[in-house]
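Okay, here's what each chain looks like letter by letter:
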Amino acid sequence: QVQLIESGGGLVQAGGSRRLSCAASGRTSGNIPMGWFRQAPGKEREFVAGISGSGTFGTFTNYADTVKGRFTISRDDAKNTVYLQMNSLKPEDTAVYYCTADMSYVRINRGGAYWGQGTQVTVSS
């Protein structure tokens, strides 16, 4: 029902910035909760950020403590795309970043029903 395609990964110097994009498509891809996870080599996949569908009062967002204040998740409903703006990047941010989506906002925090293929972000020292 939902297809997700991430883009924007690459090599970044420590302290730099990068913006990831996740384009959603499919029959039920409009205005649904989405989020970002990441997985570093030898590590388990971990939650990064989540965003609810747009409502009367805008969106709800949630961030992992490790990225709070540095990363910002947002969405562009006209483009059906969610972004992850990453600032002040650290080597420990190096990972494959995955986009996820679900019909339930609360499930995003544990991983949604749909996943993208991932995009590699490498932060050099």
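Since this is a predicted model, take the numbers as computed values, not measurements.

Calculation criteria
Residues numbered from 1 in each chain as written. Predicted model: local features only at pLDDT ≥ 70, side-chain atom pairs only at ≥ 80, totals over all residues. Heavy atoms only, no water. Pairing = 2+ DSSP bridges. Helix = DSSP H or I, 4+ residues; strand = E, 2+ residues; numbered from the N terminus. Axes fitted to C-alpha atoms, helices over the stretch in contact; angles between N-to-C directions. Disulfide = S-S within 2.5 Å. Buried < 20%, exposed > 50% of the residue type's maximum accessible area, 1.4 Å probe, protein only. Core = buried A, V, L, I, M, F, W, Y, C linked by side-chain atoms within 4.5 Å. Contact = heavy atoms within 4.5 Å. Phe/Tyr/Trp six-rings, centres within 6.5 Å; stacked < 30°, edge-to-face > 60°.

Participant: How would you explain the sheet that holds strand β3 (residues 18–25) if you had to name every residue and give the values?
Facilitator: The strand order β1-β3-β8-β7 describes an open sheet built from four strands, whose pairing is antiparallel. Strand pairing shows two members of the sheet lacking a second neighbour, β1 (3–7) and β7 (71–76), which therefore form its edges. Put simply, the sheet's adjacent strands are angled 15° from each other on average, direction ignored. As paired strands, β3 and strand β8 (residues 81–86) are joined by six bridges and run antiparallel to one another. Each residue of the ladder has a partner; that of L20, found in β8, is L84.

Participant: Give a description of the state of the cysteines that names residues and reports values.
Facilitator: Following the criterion strictly, the structure yields one disulfide and no others. The disulfide bridge from C22 ends at C99, spanning 2.0 Å between sulfur atoms. Judged by the sign of its S-S torsion, about -85°, the bond between C22 and C99 is left-handed. Of this pair, C22 sits in strand β3 while C99 is found in strand β9 (residues 95–101), placing the two residues 77 residues apart along the sequence. A relative accessible area of 0% means that C22 is categorised as buried. We classify C99 as buried; its relative accessible area is 0%.

Participant: Explain the environment of G30 to me, using residue names and the numbers behind them.
Facilitator: By the element assignment, G30 lies in the loop between β3 and β4 (34–39). Note on G30: relative accessible area 48%, which makes it partly exposed. In this structure the C-alpha to C-alpha distance between G30 and K79, which are 49 residues apart in sequence, comes to 9.6 Å.

Participant: So what's going on with the nonpolar core? Which residues, and what values?
Facilitator: Counting residues in each nonpolar core, the largest one holds 31 residues, and the members touching the most others are L4, M34, W36, L84 and Y97. Elements that contribute at least two residues to this core include exactly β3, β4, β5 (46–51), β7, β8, β9 and β11 (119–124). If we skip the residues at most four places from it in the chain, L4 touches C22, A23, A24, M34, C99, T100, A101, Y114, W115, G116 and Q117.

Participant: Hey, could you go over the environment of L20 for me, with residue numbers and the actual values?
Facilitator: If you trace the backbone, L20 turns up in strand β3. The spatial distance from the C-alpha of L20 to the C-alpha of V121 is 9.2 Å, given a sequence separation of 101 residues. Setting aside residues no more than four positions away along its own chain, L20 makes contact with S7, G8, G9, W36, V82, Y83, L84, M86, Y97, T119 and V121.

Participant: Go over the packing of aromatic side chains, please, and point to the residues and values.
Facilitator: Counted under the stated rule, the structure contains three aromatic pairs. For the pair F37 and F47, a centre-to-centre distance of 5.5 Å together with 80° between the ring planes defines the contact as edge-to-face. Placement of F37 in strand β4 and of F47 in strand β5 is noted, with a sequence separation of ten residues between them. Judged by its relative accessible area of 5%, F37 is buried. Aromatic pair F37 and W115: ring centres 5.2 Å apart, planes at 70°, arrangement edge-to-face. Of the two residues, F37 is situated in strand β4 and W115 in strand β10 (residues 114–115); the sequence distance between them amounts to 78 residues. Judged by its relative accessible area of 32%, W115 falls in the partly exposed class.

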